[in-house]
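# Fold and contact review
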Amino acid sequence: MSSNAELAKIFYDMAAVLELTGANAFRVNAHAKAARVLKDLTTDVSTLVDDPKQLTAIDGIGKGTAERIIEYVETGTIADHRQLMAKVPTGLFDLMQIPGLGPRTIKTMWEQAGVTNMTTLRAALDAGTLEDLPRLGPKLLENIKASMDFVAKSSGRTRIGTALPLAEAIITQLKQVKGLKQIEYAGSLRRGAETIGDIDILASTTQPKQLSEAFRTMPGVTDVLGSGETKSSVRLDAGIQVDLRIVDDPAFGAALLYFTGSKQHNVRLRERAIRMKHRLNEYGLFPNDGDSKTPPQARGVNAVAAKTEKDIFKALKLPWIAPELREDRGEISAADDGVLPKLIEESQIKSELHAHTIASDGNFTIEALIEQAKSRGFHTIAVTDHSKSSAQANGLSVDRLLEHIDAIHEAGSKVKGITILAGSEVDIHADGSLDYEDDVLAKLDIVVASPHASLQQEPAKATKRLVAAISHPLVHILGHPTGRIINRREGLSPDIDALIAAAVEHDTALEINANFMRLDLRDTHVRAAVKAGSLLAINTDAHTASDFDSLHYGILTARRGWLEANQCVNTWSASKLSKWLKRKR
Ligand code: DGT
Ligand code: CA
Ligand code: CA
Ligand code: ZN
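Read on for a plain summary of the structure. (Residues numbered from 1 in each chain as written. Chains lettered and ligands numbered in written order. Predicted model: local features only at pLDDT ≥ 70, side-chain atom pairs only at ≥ 80, totals over all residues. Heavy atoms only, no water.)

### Overview of the coordination of the calcium ion (ligand 3)
Under the convention used in this document: Metal coordination here is assigned from N, O and S atoms located within 2.8 Å of the ion, or within 3.2 Å for Na, K and Ca; omission of water means that sites may look incomplete. The buried label applies to any residue whose accessible area, calculated with a 1.4 Å probe on protein chains only, is under 20% of its type's maximum; exposed applies above 50%, and partly exposed to all values in between.
The coordination sphere of the calcium ion (ligand 3), as far as protein atoms go, consists of Asp 198 (OD), Asp 198 (OD), Asp 200 (OD) and Asp 243 (OD), spread over 2.2 to 2.8 Å. The distance between the calcium ion (ligand 3) and the calcium ion (ligand 2) comes to 3.8 Å, with Asp 198 serving as a donor to both metals. The class of Asp 200 is buried, set by a relative accessible area of 11%.

What follows is the structure, encoded as structure tokens:
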């Protein structure tokens with residue numbers, strides 16, 4: 001971790017302890033803000049400590065914070081942090097991750113029922129000892145149980161946004177090792193799945209010993225789980241396992257195809273190979289000579305194809321199938337029939353239609369957001385801050401919104417080459433009504449309606465709620481439709497087909513929120529929407545500059561849903577997009 005990241009974590013922890021011990025909101029917020037600023041800072045803070053003024057010049061870093069940063073850079077630790085951490089059991093930090101469980105409630109459970117971690121919380125829930133505590137109604141306790149079950153069920157899998165940068169860093173590093181020929185990540189990561197069980201890396205090299213050695217001794221490796229001539233496995237400090245397989249260079253394509261999977265896709269391909277009197281395995285596609293005892297490669301039989309994936313698909317009389325499609329969801333028959341989708345690509349995205357500024361909970365000024373969008377080559381950027389009910393996100397009252405609209409239009413009038421839309425991410429209440437009145441919504445260029453609270457609603461109610469928002473004549477996009485947080489919160493479970501039908505009927509786009517914690521809609525939902533002909537939007541929901549990079553995860557999810565560019569509003573030209581938006585005004 002860089003010192004920025006380490007310091008950000010320290011300030012987050014301090015904010016958490018302050019909250020748990022009932023410090024005033026101002027102190028809590030100041031620490032949380034410092035943490036966010038440090039996390040997003042692109043300059044290494046350790047280069048700024050010689051002159052404290054450089055630190056305090058950063059918005060969100062006051063004198064006290066600057067002093068502690070200097071203390072940290074000089075001594076490697078912060079005394080206040082150590083003292084604060086000693087005040088609470090560390091297990092309480094895990095409890096803060098449970099959705100619906102806030103610090104005040106945790107404090108009560110800790111002080112009055114001896115809850116100090118997940119285990120004691122589970123025991124207290126089972127024993128019913130929390131039922132008489134203030135603020136802990138039966139509904140809340142039930143929700144806490146459900147959240148804990150969901151987290152337990154999903155543990156062990158890593159979100160793609162964590163796994164992919166790790167894999168890329170490993171590959172960059174192994175590319176430096178002498179003798180390396182080819183290297184790629186395979187498995188669920190290459191297929192762009194939302195969570196990754198383990199990272200699979202394939203390499204070919206003239207120096208296998210050196211490569212394995214470099215792999216096992218990389219920074220971040222905490223355990224070597226196995227190490228043979230062709231396969232090594234390690235665990236990283238991030239908690240994820242990485243397998244490295246060293247394969248023969250002339251058969252790299254066959255290995256890549258095999259280890260990319262999915263297992264079910266491989267089964268289908270092998271069946272096809274057999275029908276064509278061939279045999280397919282991780283070493284190549286071979287002629288079937290009737291000898292089923294010894295594998296062909298072991299008998300020195302020459303492969304029909306092995307070098308590249310394309311060669312193998314071609315020999316199987318198929319076009320190359322993109323990894324994102326290899327889930328045995330009809331891709332082989334589509335390939336056979338010549339009707340594979342022409343999948344959307346990241347370079348085709350020309351607008352961002354869901355982004356936040358400092359007016360609510362973003363880090364951008366309007367100008368900075370515009371600059372960022374311009375630098376990504378977009379022709380349109382929508383400013384969509386939170387609405388009034390989202391108090392924790394500093395949502396805008398009607399008065400503040402009206403001022404904000406003017407400020408957005410004013411900022412827009414000063415820049416050339418990009419269209420700035422004044423919008424809102426308006427909260428959808430539990431009953432399906434929206435957080436602003438229609439006359440207010442009508443003043444906006446674009447309305448993204450999203451659910452943020454009441455996310456443990458019954459499916460039937462959730463469907464009614466979301467269909468109401470989709471059908472609202474002033475709404476353009478349904479934002480993160482289920483509100484799920486991967487590995488953390490299940491979110492709503494509406495009837496997706498009903499949402500899609502309403503979206504088609506009312507010409508509303510369904511969002512694929514590209515934030516890798518969300519990926520909402522998910523791949524299978526996208527597929528259903530694509531089939532039914534509904535419009536989709538791929539938005540990053542940017543709060544900070546690096547969020548724009550998460551577009552990549554949204555694209556992977558879209559491709560896993562077979563999405564083509566023309567069905568995604570973010571690929572449209574400025575004039576086509578503008579026409580579509582104006583149809584609801
Ligand atoms: P994960 O790691 O759980 O997210 O999912 P994958 O798909 O990466 O699965 P993993 O790591 O167990 O194996 C990587 C690929 O290797 C898998 O997608 C297909 C291939 N593979 C592994 N074991 C088998 C097997 O027993 N049969 C077949 N046909 N393929 C296998
Ligand atoms: Ca894997
Ligand atoms: Ca694996
Ligand atoms: Zn948002």
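### A short note on the sheet that holds strand β12 (residues 419-427)
Applicable threshold: Whether two strands pair depends on DSSP finding at least two bridges between them. A run of H or I in DSSP becomes a helix once it reaches four residues, and a run of E becomes a strand once it reaches two; helices and strands are each numbered from the N terminus.
Overall, parallel pairing links the seven strands, which are arranged β10-β11-β12-β13-β14-β15-β16 in an open sheet. If you trace the sheet from one side to the other, it starts and ends with β10 (351-352) and β16 (536-539), each paired once. The pairing of β12 with strand β13 (residues 446-450) spans five bridges and is classified as parallel. Residue pairing across strands places Gly 423 opposite Ile 446, the latter belonging to β13.

### What to know about the nonpolar core
Going by this rule: What is meant by a nonpolar core is a set of buried Ala, Val, Leu, Ile, Met, Phe, Trp, Tyr and Cys residues, joined one to another through side-chain atoms within 4.5 Å. Here, two residues are considered to be in contact whenever any of their heavy atoms come within 4.5 Å of each other.
Among the nonpolar cores identified, the biggest contains 60 residues, and Ile 344, Leu 510, Leu 536, Ile 538 and Leu 563 are the most heavily contacted of them. Among the elements that line this core, the one with the most residues is helix α21 (residues 496-506), at five residues. Ignoring any residue separated from it by four or fewer positions in sequence, one finds Ile 344 in contact with Ile 349, Ile 538, Ile 555, Ala 558, Arg 559, Leu 563, Glu 564, Ala 565, Cys 568 and Thr 571. Core analysis: the next-biggest nonpolar cluster, separate from the first, contains 46 residues, Val 28, Ile 70, Trp 110 and Leu 133 among them.

### A few points about the pattern of salt bridges
Side chains that differ in sign of charge can pair as their charged atoms come close. The test is simple: Within this document, salt bridges are pairs made up of a side-chain nitrogen of Lys or Arg and a carboxyl oxygen of Asp or Glu, the two lying within 4 Å of each other.
For the structure shown, the criterion picks out 24 salt bridges. Its salt-bridge partner being Lys 107, residue Glu 111 comes within 3.8 Å of it at the nearest N-O pair. Placement of both Glu 111 and Lys 107 in helix α7 (residues 103-113) is noted, with a separation of four residues, approximately one turn of the helix. Since its relative accessible area comes to 51%, Glu 111 is described here as exposed. On the basis of relative accessible area, Lys 107 is assigned to the partly exposed category, the value being 24%.

### Comments concerning the packing of helix α1 (residues 3-20) against helix α2 (residues 25-40)
The line we're drawing: The axes used here are C-alpha line fits, helices contributing only the stretch in contact, and every angle between their N-to-C directions lies in the interval 0 to 180 degrees. In these notes the angle categories are as follows: under 35 degrees is roughly parallel, over 145 is roughly antiparallel, 65 to 115 is roughly perpendicular, and the rest is oblique. With the far helix as reference, a near helix turned anticlockwise by less than a right angle produces a left-handed crossing, and one turned clockwise produces a right-handed crossing.
Orientation of α1 relative to α2, taken along the N-to-C sense of each, is 165°, at an axis distance of 8 Å. By the criterion of interaxial angle, the relationship of α1 to α2 is roughly antiparallel. Where α1 crosses over α2, the two elements pack in a sense that is left-handed. In this structure, α1 contributes Asn 4, Leu 7, Ala 8, Phe 11, Tyr 12, Met 14, Ala 15, Leu 18 and Glu 19 to the contact, and α2 contributes Arg 27, Val 28, His 31, Ala 32, Ala 34, Ala 35, Arg 36, Leu 38 and Lys 39.

### Side note on helix α10 (residues 160-174)
In plain terms, the rule: Each residue after the first adds 1.5 Å to the expected span of a helix.
Look at α10: 21 Å from first C-alpha to last across 15 residues, which is about the 21 Å you get at 1.5 Å a residue. Buried within α10 we find Ile 160, Gly 161, Ala 163, Leu 164, Ala 167, Ile 170, Ile 171 and Leu 174.

### Focus: the site of ligand 1
Spelled out, the test is: The nearness test applies per residue and asks whether one of its heavy atoms lies within 4 Å of the molecule or strand. Pairing of N or O atoms within 3.5 Å defines a polar contact, subject to two protein rules: one partner must be a possible hydrogen donor and the other a possible acceptor, and residues neighboring in sequence count only if both atoms are side-chain atoms. Exposure was quantified through the Shrake-Rupley algorithm and a 1.4 Å probe, taking into account, for residues, occlusion by the shown protein chains and nothing else. Any residue that is not Ala, Val, Leu, Ile, Met, Phe, Trp, Tyr, Cys, Pro, Asp, Glu, Lys or Arg is counted as polar, Gly included; the first ten are nonpolar and the last four charged. For the purposes of this description, domain bounds are those given by an automatic or database domain assignment.
The local shell around ligand 1 holds 16 residues, among which Arg 157, Ser 188, Arg 191, Gly 197 and Asp 198 are the closest. Contacts to ligand 1 include Arg 157, whose side-chain N or O atom sits 2.8 Å from an oxygen atom. The contact in question runs from an oxygen atom of ligand 1 to an N or O atom on the side chain of Arg 191, over 2.9 Å. With the chains in place, 70% of the 590 Å² that ligand 1 exposes on its own is no longer accessible. Among the elements of the structure, α11 (187-190), β4 (198-205), α13 (252-260) and α14 (263-275) are those that each provide at least two residues to the shell around ligand 1. Among the residues forming the shell around ligand 1, the class breakdown is three nonpolar, seven polar and six charged. Each of domain 3 (158-246) and domain 4 (251-336) gives at least three residues to the shell around ligand 1.

### Some remarks on the coordination of the calcium ion (ligand 2)
To be explicit about the condition: Every angle between 85 and 135 degrees makes a four-donor site tetrahedral, while opposite donors more than 155 degrees apart, with all other angles between 65 and 115, make a four-donor site square planar and a six-donor site octahedral; other sites are irregular.
The calcium ion (ligand 2) binds to the protein through Asp 198 (O), Asp 198 (OD) and Asp 200 (OD); the donor distances cover 2.2 to 2.6 Å. Taken together, the six donor atoms coordinating the calcium ion (ligand 2) and their angles of 68 to 164° define a geometry best described as irregular.

### Considerations on the pairing of strand β6 (residues 231-236)
Relative to β6, strand β5 (residues 221-227) is paired through five bridges, and the arrangement is antiparallel. Residue Asp 223 lies in a different strand from β6, and its bridge partner there is Arg 235. Hairpin connection, β5 to β6: the antiparallel pair is bridged by three residues. The sheet contact formed by β6 and strand β7 (residues 241-246) spans five bridges and is antiparallel. By the bridge assignment for β7, Ser 233 is matched with Asp 243. Hairpin connection of β6 to β7: four residues between the antiparallel strands, including Gly 239 at a positive phi of 95°.

### Considerations on the side chain of Ser 390
With respect to the secondary-structure elements, Ser 390 resides in the loop between β11 (380-386) and α18 (398-413). Contacts of Ser 390, omitting those with residues within four sequence positions, involve Gly 395, Asp 427, Asp 435 and His 452.

The values are spatial; any link to function lies outside them.
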